[in-house]
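# Per-entry structural report
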Amino acid sequence: MSKFTTDKINKTEPYVPGEQLRDKRYIKLNTNENPYYASKFAVDKVDGNLLSRLNRYSDPESSNLTTALAKYYGVTNQNILVTNGSDEALAFAFMAYCTSGVAYPDVTYGFYDVIAGLFDCPVEHIPLNNDFTIDVASFKNKRKTVVIANPNAQTGIELSRSEIEEIIQNNADNIVIIDQAYADFGTVNVIELIGKYQNLIAVNTFSKSRSLAGARVGYVIADEQLIADLKKIKNSFHPYNVNTVSSALAEQSILDDEYFKESVRRVIKGRNELTAGLENFGFSVLPSSANFVLARHNKISGKKLYSILKDKGILVRHFSIKRIEDYVRITVGTQEETEKLLEAIEEILTEYAE
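Notes on the structure follow. Keep in mind it's a predicted model, so treat the numbers as computed, not measured.

## A look at the overall build of the chain
The number of helices and strands found in the chain is 12 helices and 12 strands. Since a compact globule built from 354 residues should have a radius of gyration of about 20 Å, the 21 Å found for the chain is in line with a globular shape. In terms of overall dimensions, the chain has a C-alpha envelope of 60 × 50 × 50 Å along the principal axes. Sorting the 354 residues of the chain into buried and exposed places 53% on the buried side. Contacts in the chain between residues far apart in sequence, at least 24 positions, make up 72% of those at least 6 positions apart.

Written out as structure tokens, the structure reads:
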């Protein structure tokens with residue numbers, strides 16, 4: 001760090017993304033990307049006519065995408081804010097609602113701690129239960145903003161709609177943010193509750209289920225007054241926050257609903273096959289509703305398994321967080337990728353197991 005930076009930045013521990021290695025060809029199962037390509041229908045819309053407009057700033061309202069989202073989810077345009085990935089949406093929400101305090105699970109998306117630190121948000125980490133489920137009772141009447149990823153990162157475990165409503169109803173005087181990065185792979189989507197609860201914010205992304213991680217598009221759906229709060233922050237920080245090409249890709253992917261549903265179906269099928277394959281080798285696998293699984297084996301540490309798989313050209317994710325340090329997080333890949341992963345694991349358990 002330079003001698004000019006502030007104490008806050010010196011003390012900040014930035015978020016560490018999954019490895020993006022280029023030294024050789026890897027099977028990449030470490031960053032929860034969708035293994036299937038984005039909608040061809042959407043990609044084909046990025047033509048010369050669109051590219052010829054790149055000398056102009058993008059639409060600060062992302063109007064066409066906003067309208068497509070509003071129609072798709074049955075809300076109004078005033079209920080939606082489009083953002084540069086869901087991380088930007090989370091940053092806006094933390095800035096707006098978390099400086100007096102925020103509560104979220106002790107094992108969840110690591111970016112929450114980074115954002116909270118940058119905006120001086122006092123954090124209460126609420127421990128997960130021993131089975132890694134969220135303790136709903138501990139999130140009631142918090143008198144501070146509540147943030148829950150559902151399904152949860154890094155466990156993949158999903159709260160039911162009734163459990164989420166219980167948390168929302170018992171925090172009527174503060175905001176409840178539900179981070180839905182993986183919701184399309186599960187059974188619960190809180191967007192349908194927006195009209196019922198004025199204190200609910202649903203944060204969503206095109207990165208996972210719609211295969212647009214590289215486009216960086218997210219969106220918030222919430223009560224109109226909350227969207228007005230977040231737009232004020234957006235326009236004070238990054239007015240042209242979503243580029244023209246990404247906005248068009250996201251809009252067209254919404255229109256290609258058949259491909260979206262088929263892609264999600266394939267990922268869920270792959271998740272079931274991956275879970276069964278791992279359990280067949282003696283792994284304990286948490287019940288995931290996301291596009292990844294968290295798994296451990298009692299004969300090899302998570303760190304060692306991650307390292308050996310990496311040497312074999314397969315990237316998975318290992319966290320040094322004490323509660324999950326024995327686990328590896330594995331993204332659902334294609335059928336071929338899953339087969340190669342399981343073959344490698346079988347070799348490892350035979351040759352290297354402790």
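## Considerations on the sheet that holds strand S12 (residues 328-331)
Taken together, 3 strands build an open sheet; the order of strands is S9-S10-S12 and the sheet is antiparallel. This sheet does not close on itself; its edge strands, each paired only once, are strand S9 (284-285) and S12. The strands touched by helix H10 (residues 257-280) within the sheet are S9, strand S10 (292-296) and S12, with S10 carrying the most contacts at an inclination of about 5°.

## Considerations on unusual backbone geometry
With an omega of -5°, the peptide bond running from Asn150 to Pro151 counts as cis. Tracing the chain through its elements places Pro151 in the loop between strand S5 (145-149) and helix H7 (161-169). Residue Gln154 is bonded to the preceding Ala153 through a cis peptide linkage, with omega at 15°. By secondary structure assignment, the location of Gln154 is in the loop between S5 and H7. Here the phi dihedral of Asn32 falls at roughly 55°; this positive angle occurs in a residue that is not glycine. Residue classification places Asn32 among the buried positions, given a relative accessible area of 1%. Backbone geometry places Ser211, a non-glycine residue, at a positive phi of 60°. Take Ser211: it is sitting in the loop between strand S7 (200-205) and strand S8 (218-222).

## Focus on the packing of aromatic side chains
Inspection of every chain in the model, using the stated rule, returns 12 aromatic pairs. Ring centres of Phe92 and Phe237 lie 6.3 Å apart, and the angle between their planes is 80°; this geometry places the pair in the edge-to-face category. Linking Phe92 in helix H5 (residues 85-97) with Phe237 in helix H8 (residues 224-237), this pair joins segments that are 145 residues apart in sequence. Phe237 gets classed as exposed once you look at its relative accessible area, which sits at 58%. Members of the aromatic cluster, joined through ring pairs, are Phe94, Tyr104, Tyr109, Phe111 and Tyr112. Taking the ring centre of Tyr327 as reference, the NZ or CZ of Arg296 above it sits at 5.9 Å.

Calculation criteria
Throughout, a residue's number is its position along its own chain's written sequence, starting from 1. Since the coordinates come from a predicted model, pLDDT governs what is reported: local features require at least 70, and pairs of side-chain atoms require 80 or more to be given and counted, while whole-chain, interface and lining totals use all residues. Side-chain calculation: all heavy atoms of the structure are included, whereas hydrogens and water are not. Note on conventions: DSSP H or I runs of at least 4 residues are helices, E runs of at least 2 residues are strands, and numbering of each starts at the N terminus. For the radius of gyration, the atom set is restricted to C-alpha positions; the globular benchmark scales as 2.2 Å times the number of residues to the power 0.38. Relative accessible area decides the class of each residue, using a 1.4 Å probe on protein chains only: under 20% of the type maximum gives buried, over 50% gives exposed, and in between gives partly exposed. In what follows, a contact means two residues having at least one pair of non-hydrogen atoms within 4.5 Å. Strand pairing is assigned whenever DSSP detects at least two bridges linking the two strands. Lines fitted to the C-alpha atoms define the axes, with helices restricted to the stretch that makes contact. Angles between their N-to-C directions range from 0 to 180 degrees. Stacked, tilted and edge-to-face pairs are distinguished by plane angle, under 30 degrees for stacked and over 60 for edge-to-face with tilted covering the rest, among Phe, Tyr and Trp rings (Trp via its six-membered ring) whose centres lie within 6.5 Å. Whether a charge sits over a ring comes down to the Lys NZ or Arg CZ being within 6 Å of the ring centre and within 35 degrees of the ring normal.

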